Amino acid sequence: MYAVIFGKNPLLSEAEFHAFVRRFNLKVGIIDSNRDWMVFNSSPKLERYFHWLGGSLKLVRIVGEGEDAIKELEYAKLFTVSLYGKNDWKLWRKLGSSIKREFKAEGSSKFFKPAKVYSMPAELILKGFPEVKDFVFLFREDGSFWVGETVKVTDPFELKKLDVDRPVQRPILSIPPRLARIMVNLTEVRKGSFLDPFCGIGTVLQEFVLQGLSAYGSDRDPGRIRDAKKNLSWLRKEFRLKNSAHLEVCDARKLKRCFRQRFDAIVTEPYLGEPLRRNPNRGEAIRLANELDRFYYSVFESFGDVLKRNGKVVFVFPAYRLSGGGIYRKERKWLAKLGFEVLGKYTDYEERHRLVRDIHVLGYRG
Ligand SMILES: C[S@@+](CC[C@H](N)C(=O)[O-])C[C@H]1O[C@@H](n2cnc3c(N)ncnc32)[C@H](O)[C@@H]1O
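Keep in mind the model is a prediction, meaning the values are calculated, not measured.

**Student:** Go over helix H1 (residues 10–23), please, and point to the residues and values.
**Tutor:** Along an α-helix, residues three or four positions apart point the same way, because every turn accommodates 3.6 residues. Its 14 residues give H1 an end-to-end C-alpha distance of 19 Å, which sits within 8% of 20 Å, the value for a rise of 1.5 Å per residue. Taken residue by residue, H1 has Pro 10, Leu 12, Ser 13, Ala 15, Glu 16, Phe 17, Ala 19, Phe 20, Val 21 and Arg 23 as its buried positions. Backbone geometry just after H1 places Asn 25 at a positive phi near 55°.

**Student:** Quick rundown of the nonpolar core? Include the residues and the values.
**Tutor:** Residues Phe 20, Phe 300, Phe 303 and Phe 340 are the most contacted members of the largest nonpolar core, which totals 86 residues. Among the elements that take part in this core, helix H10 (residues 282–306) stands out by supplying nine residues, more than any other. Both domains that meet at this core, namely domain 1 (2–154) and domain 2 (165–364), each give it at least three residues. When sequence neighbours within four positions are dropped, the list of residues in contact with Phe 340 reads Phe 300, Phe 303, Gly 304, Leu 307, Val 313, Leu 335, Leu 362, Gly 363 and Tyr 364.

**Student:** Explain the domain arrangement of the protein to me, and be specific about the residues and the numbers.
**Tutor:** Taken domain by domain, the protein comprises domain 1 (2–154) and domain 2 (165–364). Inter-centroid distance (C-alpha atoms) of domain 1 to domain 2 is 33 Å. Residue-level contacts link 17 residues of domain 1 with 18 residues of domain 2. When the two sides are added together, the surface that domain 1 and domain 2 hide from each other amounts to roughly 1600 Å², 54% of it contributed by carbon and sulfur. In terms of surface lost to domain 2, no three residues of domain 1 exceed Leu 12, Arg 23 and Trp 52, which account for 46% of the buried area on that side. If you look at where domain 1 meets domain 2, you find one salt bridge. Of the charged contacts, one joins Arg 22 and Glu 188 as a salt bridge, the two residues approaching to 3.0 Å between their closest N and O atoms. Linking domain 1 to domain 2 there are ten residue pairs in polar contact (both at pLDDT 80 or more). Ranked by residues supplied to the side of domain 1 that touches domain 2, first place goes to H1 with seven residues.

**Student:** Residue-level account of the sheet that holds strand E2 (residues 28–33), with values.
**Tutor:** Here eight strands make up an open sheet; going across it, the order is E2-E3-E1-E4-E8-E7-E5-E6 and the pairing mixed. Because the sheet does not close on itself, it has two edges, and the strands there are E2 and strand E6 (110–112). Taking the axes of each pair of neighbouring strands and ignoring which way they run, one obtains an average angle of 35° across the sheet. Pairing between E2 and strand E3 (residues 37–42): five bridges, direction antiparallel. Within the sheet, the bridge partner assigned to Asp 32 lies in E3 and is Val 39. Contacts from helix H3 (residues 89–103) reach strand E5 (78–84), E6 and strand E7 (133–139) within the one sheet, and its direction differs from that of E5 by about 140°.

**Student:** Give me the lowdown on the state of the cysteines, citing residues and values where you can.
**Tutor:** Put plainly, two cysteines are in a disulfide when a covalent bond ties their sulfur atoms together. Applying the stated criterion across every chain, the model contains one disulfide. There is a disulfide in this structure between Cys 250 and Cys 258, and the S-S distance comes to 2.1 Å. Between Cys 250 and Cys 258 the disulfide shows an S-S torsion of about 90°. By sign, it is right-handed. Judged by its relative accessible area of 3%, Cys 250 is buried.

**Student:** Describe a positive patch on the surface, and please don't skip the residues or the numbers.
**Tutor:** The grouping of Lys 77, Lys 100, Arg 101, Lys 104 and Lys 110 at the surface amounts to a positive patch. Turning to its location among the elements, Lys 104 is positioned in the loop between H3 and E6.

**Student:** Explain the side chain of Glu 207 to me, and be specific about the residues and the numbers.
**Tutor:** Considering the arrangement of structural elements, one finds Glu 207 in helix H7 (residues 203–210). You can call Glu 207 buried: its relative accessible area is 2%. In this view, Glu 207 contacts Trp 52, Ala 180, Arg 181 and Val 184; residues no more than four positions away in its chain are not counted.

**Student:** Explain the packing of aromatic side chains residue by residue, including any values.
**Tutor:** Applying the stated criterion to the full structure yields 34 aromatic pairs. When the ring of Tyr 75 is compared with that of Phe 103, the centres are 5.4 Å apart and the planes differ by 70°; the resulting orientation is edge-to-face. One end of the pair, Tyr 75, is in the loop between strand E4 (56–65) and E5; the other, Phe 103, is in helix H3, with 28 residues separating them in the sequence. Judged by relative accessible area, which is 1%, Phe 103 ranks as buried. Between Phe 259 and Phe 263, the aromatic rings sit 5.4 Å apart at their centres with planes inclined by 80°, giving edge-to-face as the arrangement. On the basis of relative accessibility, which here comes to 4%, the residue Phe 259 falls in the buried class.

Cut-offs and rules
Residues numbered from 1 in each chain as written. Predicted model: local features only at pLDDT ≥ 70, side-chain atom pairs only at ≥ 80, totals over all residues. Heavy atoms only, no water. Helix = DSSP H or I, 4+ residues; strand = E, 2+ residues; numbered from the N terminus. Expected span 1.5 Å × (residues − 1). Buried < 20%, exposed > 50% of the residue type's maximum accessible area, 1.4 Å probe, protein only. Core = buried A, V, L, I, M, F, W, Y, C linked by side-chain atoms within 4.5 Å. Domains from an automatic or database assignment. Contact = heavy atoms within 4.5 Å. Buried area = accessible area lost by both parts, 1.4 Å probe. Salt bridge = Lys/Arg side-chain N within 4 Å of Asp/Glu carboxyl O. Polar contact = N/O pair within 3.5 Å; in protein donor to acceptor, adjacent residues only side chain to side chain. Pairing = 2+ DSSP bridges. Axes fitted to C-alpha atoms, helices over the stretch in contact; angles between N-to-C directions. Disulfide = S-S within 2.5 Å. Patch = residues over 30% accessible without salt bridge, like charges linked within 9 Å, V, L, I, M, F, W, Y side chains within 5 Å. Areas by Shrake-Rupley, 256 points an atom, 1.4 Å probe, with all protein chains shown as cover. Lys, Arg positive; Asp, Glu negative; His and termini not counted. Charge placed at Lys NZ, Arg CZ, Asp CG, Glu CD. Phe/Tyr/Trp six-rings, centres within 6.5 Å; stacked < 30°, edge-to-face > 60°.

Okay, structure coming up:
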């Protein structure tokens, strides 16, 4: 039995997890869940693939329920304690001390304090995980809890490296590598040809290439294609990869002029409009969204020309945080007219951005 701990956007992380399970054909039976975690049965194969999740933080092996389960934990000289569903340092200390008492027969042990009542993967790795252990308590609303040990973490240093060590960076305009990974999983396509037709400096392409997928990218701007090439050759060297991406200068509204084959999946963050100086009011947001929609309509027509039947699209539409509070998300009935079925919609935003990402997962019915 395992649990996953979701990252800062739990709804998106949960959707990614379900898509990931289908994508890698992992048999998973859900047992219990909360906003920030999910407990399930799964084969240990999951441990091998966990690395490829973008939106989860930890994979925890469950040892039991309630205080008795503490006896089942394996000895560690140095450990920490992570509580989810309870923000209570007194309880944190009490559980840590109980573990230490249980370990006494096997030797002395110490536990260290994380920044919050739970540790983050970066803290764990820096302390010496997996030798240094992380014992996890998952609380339900009624106060009962699951007990487990973290067996895998997603690697924040690798994701950071993909972002800030590459030769060409555009911090505000490019998509975070973690989100690129989530979007690839949302396609549920395990193997096949993947296209990013607004590739920019190539963040999504980096993820295709890292995963050994057949990678294609295009952008209208030849300068961006040069940037993407630089980043991809850096990636190949740093990660010792043999494969790369096929790149074209191409307008996303005219894809069939540039690509002869059909794709299994398109994953992209398109042009999202001019940067906003302030949050718009509702009327302004509707106008901005309508203007861009004319462009997106032609883009989706062009997707129809290069996608296989039942191919998938994971696409970031803009949504707007309104000056009066709330978010404006446009409904796009025209997608169905063009043969695209909306399979899921998830919002995501970064504090430093005005714009909200309205991530759509679509199936092309042709
Ligand atoms: C939001 S950026 C994509 C950023 C990318 N995800 C990254 O991480 O670098 C949008 C890109 O779309 C390109 N673009 C704008 N209009 C286009 C069009 N009609 N066809 C193809 N690319 C276009 C721009 O040159 C820009 O590089």
